[in-house]
Amino acid sequence: MDYFLELFLGGLTRGSIYALIALGYTMVYGIIELINFAHGEIYMIGAFTALIVISVLTLMGMNTVAILVIAGVIAVIYSSAYGYTVEKIAYKPLRNAPRLSALISAIGMSLFLQNYVLLAQTSDFLPFPNLVPDFEFMEPYAHIIGSTEIVILLTTAVVMVLLTFLIKFTTIGKAMRAASQDKTMAMLVGINVNRVISVTFVVGSATAAIGGVLIASHVGMINFYIGFIAGIKAFVAAVLGGIGSIPGAVLGSFILGWTESFATGYVSSDYEDVFAFLFLVLILIFRPSGILGRTEKNKV
Amino acid sequence: MFAFDRIKKALLVSAWFMFLTFPILVIRINPVERIVEWRWINMLLIGVGSFFLSFVWHYFIRRKEMGARRAETGEESEAAPLAQRILKNKKIYRPALVVAGIFALCFPFIFSLYQTNIMISALIYVMLGLGLNIVVGLAGLLDLGYVAFYAVGAYAYALLNYHFGLTFWMVLPIGAGLGALFGILLGFPVLRLRGDYLAIVTLGFGEIIRIILENWNEFSFGPSGISNIPRPSLFGIDLSVHDATIYIYYVMIGLCLLTIFVVNRLQDSRIGRAWIALREDEIACQAMGIDKARTKLTAFALGATWAGMSGVVFAAKTTFVNPASFTIWESIIILCIVVLGGMGSIIGVIAGALVLILMPEYLRAFSEYRMLAFGVVLVVMMVFRPGGLIPNVRRIYTFKGATESGKGG
Amino acid sequence: MESVLKVQNLGMNFGGLRALDSVDLAVGRNEIVALIGPNGAGKTTFFNCVTGIYPPTEGDILIAVRGKGDLKRINGLKPNRVTEKGLARTFQNIRLFPHMTVLENVMIGRHCRMAAGILGAVLRGGSTVREEQSAVQESYAILEKMGLAPFVNDFAKNLPYGAQRRLEIARAMATEPFLLLLDEPAAGMNPYETKELDDLIQRVRHEEGIAILLIEHDMKLVMSLSDRICVVDYGRKIAQGTPDEIRNNPAVIKAYLGEEMDA
């Protein structure tokens, strides 16, 4: 039973991380109908920036809690800045181009950012310090769930609530929803669609950065390649839940997290990544709109 | 005033990029030895570089916008690009072809074995590029798992030779057939998918094949792969390494010519037109009586055939295969070849393969930045020149008594 | 009259939305029928059901079998199969193949009347070459009839708007249909172009013997072209008859024509 519970919570943690990344995919897709291939890289850059800040501040002898907060904030700022810039360079000039062009551009951006970090830093795995102290009250349950996992779950929950608030109740949130329904119409009623798209990229990148820092701290090491697989899986989660739908992305992430956790726990860990892909193929064949997605009607 | 504004903007861009690249490019950390290295020079380079690049970017964006506006108002869209004018001019084109042909034939006798080996790789990529060109360039199906078919071909030769002792020439058609078969196998489930989903699913397919090869030890010998694969023999005579390499070179030249011939004929046929129509508008295509499923499947199958074949040659050339040769990045390099050369354009793809594969080999200092540059190529080409360096030219027909309006390319 | 298309009790639901509700319609051989109605009345949905893009929720769609007198049910056939059987269409928002030449666009229409396979294309034997040549000639002939010959080698996207609309009709005609479905062929045209279109459609009917079903908002064109008019509103057929009958039908005036006829 403990093993089951461990896998269950492990899946939940995994799912939370996927959710933080999947949100960015789903929000961007909701508005410009583009798979932002570089999104995984934004997450990786968040983790790297955090590691760099942590290393510098540790040498300066700051205390851990302060480091955690500062590194988190800077990572979020930088990831957002990267997300914003990527959109301006690689996607904005292609707003009216065929989808295939934007997609290829996105792949190029992903390739570029990976190699940028690889060349500027290193191809080796770097140890990432565990910044979350072990909570004492958690000790009896330590074999089932760690403190870091608790922090991940809580942070994800908070981010979700904030995001829901942003989209449901703020002006920019309304503009985002309007733009995702109909870009031209939104423009006609005076919404600055370019700004909405920028904000979407910034918000998506920020949540990805939070995910990046959390998982790096959980796994304990990072390299330039972590964004790619995590990005793909988060994308799978977003599609599973119904791309364009925010609750869908969260639901899809948890389902994927659990599937992977149980499949690797009870079946085999060799084929961990295969499960995600098989999942994706099956969903796309049988229910392309995902669990909570709106069915897309092709206008003729 | 205009220039001043531009400079101000360029300065802002420059400052922004200095900020953006600051942590990753300036600070280098070594958490193991707890050292932090500050590389301020990088910041300076980025600052100056992005300042100038901002002008270049702005210039090209403006040019592109003006081109779009011209096209909209129905004015003569830009004159045929230089490369095309050269290709159309028979006086230049024919001799150039002859010179290239002679050069290709003499190559292994003029240059060293090392050079010949590099050229063989380049030719393998030409073939891969032409194959992927059918799927991506003509049919408009973004296939990111193309490398899987290449792996199928390579492992087909390795395994069939290991278990049954089949020779290169026996496996070559088998590799092609297996490639086509896998193309159809992949094609069926993705028939209904839209472009972007297709990209992810094919990427997944490629990764699944690689992961299986890595983990299914009984079948594929896992990550260590299969070694001692024989090079092709000439009428049953075993050749020395040197002679075999030259032999493979000529085999590759022959296969490339075959690919060019077949792809060229397909492109200019009922099937090729259907592929292009499918790329342009799926719904209209179906409404005009074209079977979408069938057309997609032929594209996948005929694209994968060439990957299967070149996989066989690859295995014979390196005498060793393992899963590490078939990562997603191979697929992306091949995509890059197609995009740089010009989607749908045979000459473009050949040029793209030669440039992208040979350049990093000969510019050693540059080779480290290879993948970085490939990323840039993909973005820049899509933004500024989606047709590629040598865009595809549509065939022009002439009719008796018709007034020739003469554009169309 | 002998029908080439007979639609019976056609119904189409999108989720909870009833887009079409038991619509009956028949088009006779060599007849021009117009389908009119306010925006969102379900006209294009009707086209999409008939041409196989959406499978209808209920009802029957029957079309004539080439060379025979009887009708055959085509529900659930894919769009390409429907086209092969002799129905061709154009689209409300022009859907040409923009980066193919005008001639190639028409040759795509010939696709389903050609046979060359992969081997044929690669080996290019005598029959393939002949087939290609005749496809080129036939396509060109259609272009000449439609007044598009001067554009033959231009990219479709570079054509003037009116020519693009005509090219869509040319492409559809290349599939050798006995019934042509035109979705707002005059949309965006000026009165002069509309007049030309009027003549063109008449010619298609008389010279090629093709029956035509069209959706159109331009009442002048509809009244001058149509043998019969069918009016739909909210997915239901509310009237049917000759132009004169429709002009004087109070239900139609109320639902749709009112403001336009007063103006």
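Note that the coordinates shown come from a computational prediction; the quantities given were computed from them, not determined experimentally. (Residues numbered from 1 in each chain as written. Chains lettered and ligands numbered in written order. Predicted model: local features only at pLDDT ≥ 70, side-chain atom pairs only at ≥ 80, totals over all residues. Heavy atoms only, no water.)

## A closer look at the overall build of chain B
Helix and strand counts for chain B stand at 17 helices and 4 strands. Rg of the C-alpha trace for chain B: 24 Å, near the compact-globule value of 22 Å for 409 residues, within the 12% margin. Dimensions of chain B, computed from C-alpha atoms along their principal axes, come out at roughly 80 × 75 × 50 Å. Counting over 409 residues, chain B shows a buried share of 53%. The long-range fraction of contacts in chain B, counting pairs at least 24 apart against all pairs at least 6 apart in sequence, stands at 74%. (Helix = DSSP H or I, 4+ residues; strand = E, 2+ residues; numbered from the N terminus. Rg over C-alpha atoms; globule rule 2.2 N^0.38 Å. Buried < 20%, exposed > 50% of the residue type's maximum accessible area, 1.4 Å probe, protein only. Contact = heavy atoms within 4.5 Å.)

## Some remarks on the sheet that holds strand S5 (residues 71-73) of chain C
All names here are of chain C. If you trace the 4 strands from one edge of the open sheet to the other, you get S2-S1-S4-S5, paired in antiparallel fashion. Both edges of this open sheet fall to strand S2 (17-28) and S5, since each of them pairs with a single strand only. Averaged over all pairs of adjacent strands, the angle between their axes in this sheet comes to 20 degrees, without regard to strand direction. In the sheet, strand S1 (residues 3-14) pairs with strand S4 (residues 58-64) via 5 bridges, with the strands oriented antiparallel. For Leu5, the partnering residue across the bridge sits in S4 and is Ile63. Sheet contacts for helix H1 (residues 43-50): S1, S2 and S4; angle to S1, the most-contacted strand, approximately 115 degrees. (Pairing = 2+ DSSP bridges. Axes fitted to C-alpha atoms, helices over the stretch in contact; angles between N-to-C directions.)

## Some details on the domain arrangement of chain B
Along its sequence, chain B is organised into domain 1 (2-72) and domain 2 (86-384). Distance from the C-alpha centre of domain 1 of chain B to the C-alpha centre of domain 2 of chain B: 36 Å. (Domains from an automatic or database assignment.)

## Description of the pairing of strand S3 (residues 32-36) of chain C
Residue and element names in this part refer to chain C. Counting buried residues along S3, 5 of its 5 residues qualify, which places the element largely inside the surrounding structure. As defined by bridge partners, S3 adjoins strand S8 (residues 211-215) across 4 bridges and the pair is classed as parallel. For Ala34, the partnering residue across the bridge sits in S8 and is Leu214. Bridge analysis of S3 against strand S9 (residues 228-233) gives 4 bridges, and the strand direction is parallel.

## Points about the interface of chain B and chain A
Every contact between the two is made by 61 residues of chain B and, on the other side, 62 residues of chain A. When the two sides are added together, the surface that chain B and chain A hide from each other amounts to roughly 5600 Å², 77% of it contributed by carbon and sulfur. Sorting the residues of chain B by area buried against chain A places B:Ile24, B:Tyr197 and B:Ile200 first, and these three jointly supply 13% of that buried surface. The interface formed by chain B and chain A contains 0 salt bridges. Linking chain B with chain A are 8 residue pairs in polar contact (both at pLDDT 80 or more). Breaking the side of chain B that touches chain A down by element, the ones donating at least two residues are helix H1 (2-26), strand S1 (27-30), strand S2 (35-38), helix H2 (40-72), helix H8 (195-215), helix H14 (328-341) and helix H17 (370-384) of chain B. (Buried area = accessible area lost by both parts, 1.4 Å probe. Salt bridge = Lys/Arg side-chain N within 4 Å of Asp/Glu carboxyl O. Polar contact = N/O pair within 3.5 Å; in protein donor to acceptor, adjacent residues only side chain to side chain.)

## Observations concerning unusual backbone geometry
All names here are of chain C. The phi dihedral of Asn9 falls on the positive side, at around 55 degrees, and the residue is not glycine. Note on placement: Asn9 falls in strand S1. Even without a glycine there, the phi angle at Glu176 is positive, about 55 degrees. The topology assignment puts Glu176 in the loop between helix H6 (161-173) and strand S7 (179-183). By relative accessible area, which is 37% here, Glu176 ends up partly exposed.

## A closer look at a nonpolar patch on the surface
Together, A:Val65, A:Leu68, A:Val69, A:Val73, A:Ile77, A:Tyr84, B:Trp16 and B:Phe19 line one region of the surface with nonpolar side chains, adding up to about 660 Å² of accessible area. Contributions of two or more residues to the nonpolar patch are made by helix H3 (64-91) of chain A together with H1 of chain B. Tracing the backbone through its elements, the reader meets A:Tyr84 in helix H3. (Patch = residues over 30% accessible without salt bridge, like charges linked within 9 Å, V, L, I, M, F, W, Y side chains within 5 Å. Areas by Shrake-Rupley, 256 points an atom, 1.4 Å probe, with all protein chains shown as cover.)

## Considerations on helix H1 (residues 2-32) of chain A
Residues and elements named next belong to chain A. The end-to-end C-alpha distance of H1, which contains 31 residues, comes to 44 Å, matching closely the 45 Å that a straight helix rising 1.5 Å per residue would cover. Ile21 marks the point of greatest bend in H1, at about 30 degrees. Immediately beyond the C-terminal end of H1, within one or two residues, lies Glu33, with a positive phi of roughly 50 degrees. (Expected span 1.5 Å × (residues − 1). Bend = angle between axes of the 7 residues up to and from the residue.)

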